[in-house]
Amino acid sequence: QTSLPGTSLPAVSQYACQRRTTLDNHNKLLTDALEVLAENCEFNDSKGPCLGFRRAASVLKSLTTALSCLQDAVGLPCLGDESKNVIEEIFVCGSSSRVEDILADERYQTLKLFTSVFGVGPKTAEKWYRRGLRSLEEICADSSIHLNRMQEAGFLYYEDISKPVTVAEAKAMDCIIKEAASCFGSGVTINLTGGFRRGKTFGHDVDFILTVPEPGKEDGLLPMVIGRLRSQGLLLFSDFQESTFDLNKMPSHRFEAMDHFQKCFLILKLRTALEEGKQRGPTRRRDWKAVRVDLVVPPVDRYAFCLLGWSGSTQFERDLRRFARLERGMLLDNHGLYDKAANTFLPAKTEEDIFAHLGLDYIEPWQRNA
Ligand code: ATP
Ligand code: MN
Ligand code: MN
């Protein structure tokens, strides 16, 4: 391990995949501020600056101590002038005026609200903002606005799915999915992925990866699981996407964020216990909560790549791919790892195999909260 000149501190890598980032963030005040700036850039479609702030926040999240002055940040990678200015202002004044201005900005607030609806991205949010719309009520009341099926569901279940999902709810969902998949045969494996696999205690959804022991035999799995959830009365919304995976086509096109595996984006009913005393009474309360669930089904020989890709964090994934490309001449995505010099795909049964191909130390899922 290399050290910073003149100190015994280990140097911090510019790549998140060479850092161990737990959920124990010692610089939350700084990273929250940088992430507001990143989000605002995203709303303004400034991709470069957005990535700059995200990388800076990610580096600070990996530190095992709190910075107490700008001097402490000397030698850290990915801190541009803009990020440093914000960090300095926070140390000197307690907060950043630039961040405070954004948080108070009507456009920022409105776009943040609109994009909190399932199925609404920055482009749609911007369109609605330009039309003069400012609240969710105004959107629902505007008959000239066409909502797609996903957005319809997003508004219908907004109250529930805008609340964070707890670990207990994720575990309950795990039982529901396992039960629904059990009739496909005993060979089905189901694993929790996404934020909960990284040890997060709250999430915006619950992500699962499913597969079967024989490649090519997984095709019927998701339709069956969805059918079963429907017959149990648990299916509130389903967007099913057929697999478009074809290893022969790769890597002729650019490696993208989205993958080609069979998947579905769901909203499911999760039964909740009624609180004591609320069961009787004039207004009977609902005994369920709507929860967002993502299911993805790769063929088993692609499982490790898909698991690695769906475990996140997004920043960790970005840097894994960037590292593979720039440092190793390889292309990595959710489907595979391609060695450009050898003109071949590298096989992997486990995530450890992929890290080994890349010449990286293994990073545990709970250390990928970059
Ligand atoms: P949260 O708690 O907010 O859900 P998360 O890390 O689980 O946090 P998700 O949006 O659920 O965030 O995504 C989990 C991972 O799956 C991310 O790393 C993302 O890159 C990947 N992912 C999400 N959607 C897709 C998709 N359609 N295709 C490929 N990968 C995806
Ligand atoms: Mn998730
Ligand atoms: Mn998800």
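Residues numbered from 1 in each chain as written. Chains lettered and ligands numbered in written order. Predicted model: local features only at pLDDT ≥ 70, side-chain atom pairs only at ≥ 80, totals over all residues. Heavy atoms only, no water.

A. Inspection of the overall build of the chain at higher detail. When you go through the chain residue by residue, the secondary structure sums to 15 helices and ten strands. In terms of principal-axis extent, the alpha carbons of the chain reach across some 65 × 50 × 45 Å. A burial count over the chain gives 47% of its 370 residues as buried. Put simply, the chain shows about 18,800 Å² of open surface, and 52% of that area lies on carbon and sulfur atoms. (Helix = DSSP H or I, 4+ residues; strand = E, 2+ residues; numbered from the N terminus. Buried < 20%, exposed > 50% of the residue type's maximum accessible area, 1.4 Å probe, protein only. Areas by Shrake-Rupley, 256 points an atom, 1.4 Å probe, with all protein chains shown as cover.)

B. Structural view of the pairing of strand 4 (residues 206-211). In terms of residue burial, strand 4 counts as a mostly covered element, since six of its six residues are buried. Side-chain alternation along strand 4 places Val206, Phe208 and Leu210 on one buried face and Asp207, Ile209 and Thr211 on a second face that is also buried. Note that strand 4 and strand 7 (residues 288-297) share four bridges and pair parallel. Considered in strand 7, the bridge of phenylalanine 208 is made with leucine 295. (Pairing = 2+ DSSP bridges.)

C. Seen up close, the site of ligand 1. Among the 17 residues in the neighbourhood of ligand 1, the closest are listed as Gly195, Lys200, His204, Asp205 and Met258. Side-chain polar atom of arginine 198 to an oxygen atom of ligand 1: 2.9 Å apart, as the coordinates give it. Side-chain polar atom of histidine 204 to an oxygen atom of ligand 1: 2.7 Å apart, as the coordinates give it. Relative to its free-state accessible area of 620 Å², ligand 1 is covered by the protein chains to the extent of 80%. Elements with a minimum of two residues in the shell around ligand 1: helix 11 (194-197) and helix 13 (303-311). (Near = heavy atom within 4 Å. Polar contact = N/O pair within 3.5 Å; in protein donor to acceptor, adjacent residues only side chain to side chain.)

D. Expanded view of the coordination of the manganese ion (ligand 3). Around the manganese ion (ligand 3), the protein contributes the donor atoms Asp205 (OD), Asp207 (OD) and Asp294 (OD), at 2.1 to 2.2 Å from the metal centre. In primary sequence terms, the donor set of the manganese ion (ligand 3) follows D-x1-D-x86-D. The distance between the manganese ion (ligand 3) and the manganese ion (ligand 2) comes to 3.6 Å, with aspartate 205 serving as a donor to both metals. Note that aspartate 207 is positioned in strand 4 and aspartate 294 in strand 7, a separation of 87 residues in sequence. Taken as a pair, aspartate 207 and aspartate 294 share a single burial class, namely buried. (Donors = N, O, S within 2.8 Å, 3.2 Å for Na, K, Ca; no water.)

E. Local environment of the side chain of aspartate 160. Assignment of secondary structure puts aspartate 160 in helix 9 (residues 158-161). Engagement of the side chain of aspartate 160 in a polar contact is seen with the side chain of arginine 286, the distance being 3.1 Å. Apart from residues lying up to four places away in sequence, aspartate 160 is in contact with Arg286, Trp288, Lys289 and Ala290. (Contact = heavy atoms within 4.5 Å.)

F. Molecular detail of the domain arrangement of the chain. Assigned domains of the chain: these are domain 1 (16-102), domain 2 (107-156), domain 3 (165-300) and domain 4 (308-367). Each of domain 2 and domain 4 has a C-alpha centre, and these two points are 36 Å apart. (Domains from an automatic or database assignment.)

G. Spatial organisation of the packing of aromatic side chains. Evaluation of the coordinates by the stated rule reveals nine aromatic pairs. A centroid spacing of 5.6 Å and a plane angle of 85 degrees characterise the contact between phenylalanine 118 and phenylalanine 237, whose relative ring orientation is edge-to-face. In this pair, phenylalanine 118 sits in the loop between helix 5 (106-115) and helix 6 (122-130) while phenylalanine 237 sits in strand 5 (residues 235-241), placing the two residues 119 residues apart along the sequence. Each member of the pair, phenylalanine 118 as well as phenylalanine 237, carries the same accessibility label: buried. (Phe/Tyr/Trp six-rings, centres within 6.5 Å; stacked < 30°, edge-to-face > 60°.)

H. Examining the sheet that holds strand 4 more closely. Within the open sheet, the five strands sit side by side as 2-4-7-6-5. Their pairing is mixed. Where the open sheet ends on each side, the last strands, each with one partner, are strand 2 (189-193) and strand 5. The mean angle between the axes of side-by-side strands here comes to 25 degrees, regardless of whether they run parallel or antiparallel. Examined bridge by bridge, strand 5 and strand 6 (residues 262-271) share six bridges and lie antiparallel to one another. Of the residues in strand 6, the one forming a bridge with serine 238 is leucine 266. (Axes fitted to C-alpha atoms, helices over the stretch in contact; angles between N-to-C directions.)

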